[in-house]
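What the coordinates show
Residue strings, one per chain:
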Amino acid sequence: MYTISKLAKEANVGVETVRFYERKGLLEQPIKPIQGYRQYTEQALSRLLFIKRAQYLGFTLAEISSLLILSASNCEDVQQLAEQKLAVIEDKLRDLLNLKDSLVSLISDCKTNPSDKDCPIIQSLQP
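Residues numbered from 1 in each chain as written. Predicted model: local features only at pLDDT ≥ 70, side-chain atom pairs only at ≥ 80, totals over all residues. Heavy atoms only, no water.

1. Section: the domain arrangement of the protein
Under the domain assignment used here, the protein contains domain 1 (1-68) and domain 2 (72-126). If you average the C-alpha positions of domain 1 and of domain 2, the two centres end up 34 Å apart. Each side of the interface is counted separately: domain 1 has eight residues, and domain 2 has six residues. Here domain 1 meets domain 2 over a buried area of about 450 Å², counting both sides, of which 70% is carbon and sulfur. When the buried surface of domain 1 facing domain 2 is broken down by residue, Phe59, Glu63 and Leu67 rank first, second and third, together holding 66% of it. Inspection of the domain 1/domain 2 interface yields one salt bridge. Close ionic contact of Glu63 with Lys85 constitutes a salt bridge, the shortest N to O distance being 3.1 Å. (Domains from an automatic or database assignment. Contact = heavy atoms within 4.5 Å. Buried area = accessible area lost by both parts, 1.4 Å probe. Salt bridge = Lys/Arg side-chain N within 4 Å of Asp/Glu carboxyl O.)

2. A few points about helix α3 (residues 42-56)
Helix length check: α3 (15 residues) gives 21 Å between terminal C-alpha atoms against 21 Å at 1.5 Å per residue, within 8%. Within α3 the residues assigned to the buried category are Ala44, Leu45, Leu48, Ile51 and Ala54. For α3, the elements touching its buried residues are α1 (4-11), α2 (15-23) and α4 (61-70). Immediately beyond the C-terminal end of α3, within one or two residues, lies Gly58, with a positive phi of roughly 100°. (Helix = DSSP H or I, 4+ residues; strand = E, 2+ residues; numbered from the N terminus. Expected span 1.5 Å × (residues − 1). Buried < 20%, exposed > 50% of the residue type's maximum accessible area, 1.4 Å probe, protein only.)

3. Details of the layout of surface pockets
Taken as a whole, the largest pocket spans an internal volume of roughly 270 Å³. Around the largest pocket, the lining residues are Leu27, Glu28, Pro30, Gln39, Tyr40, Thr41, Gln43, Ala44, Arg47, Phe50 and Leu68. The residue makeup of the lining of the largest pocket, split by class, is six nonpolar, three polar and two charged. Every residue lining the second largest pocket is listed: Thr3, Ile4, Arg19, Glu22, Gln29, Lys32, Gly36, Tyr37, Arg38 and Tyr40. (1 Å grid on protein atoms, 1.4 Å probe; cavity = no way out; pocket = protein on both sides within 12 Å on 5 of 7 lines; lining within 4 Å. Points joined across faces, edges and corners; volume = space filled by probe spheres on them. Nonpolar A, V, L, I, M, F, W, Y, C, P; charged D, E, K, R; others polar.)

Given below as structure tokens:
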């Protein structure tokens, strides 16, 4: 059993993060005894670590909520959500590669620019 501070420390998060997840419905808040502190179970720690791992993989809190609901479901439903996330990531990667190519080109233009006053990067940003 863990107090909120021990739970947060074990999961390497702040106490306010635990409270935030409770407010968002991702983590159940234990009932407070008449005297003493709320006690969190090992299951609460596992759930908190699950949330942090899913965030690391790029899932939003809304998606994590869905994953937690689907954890009692079949794998096909979870796979569908993961495939949707993968498609979003692939789109972002394409956008980032396009941005990289544009910046490489602009930097190259800047290096070969004979004029200090007409910067190709600034010109590209003008409407």
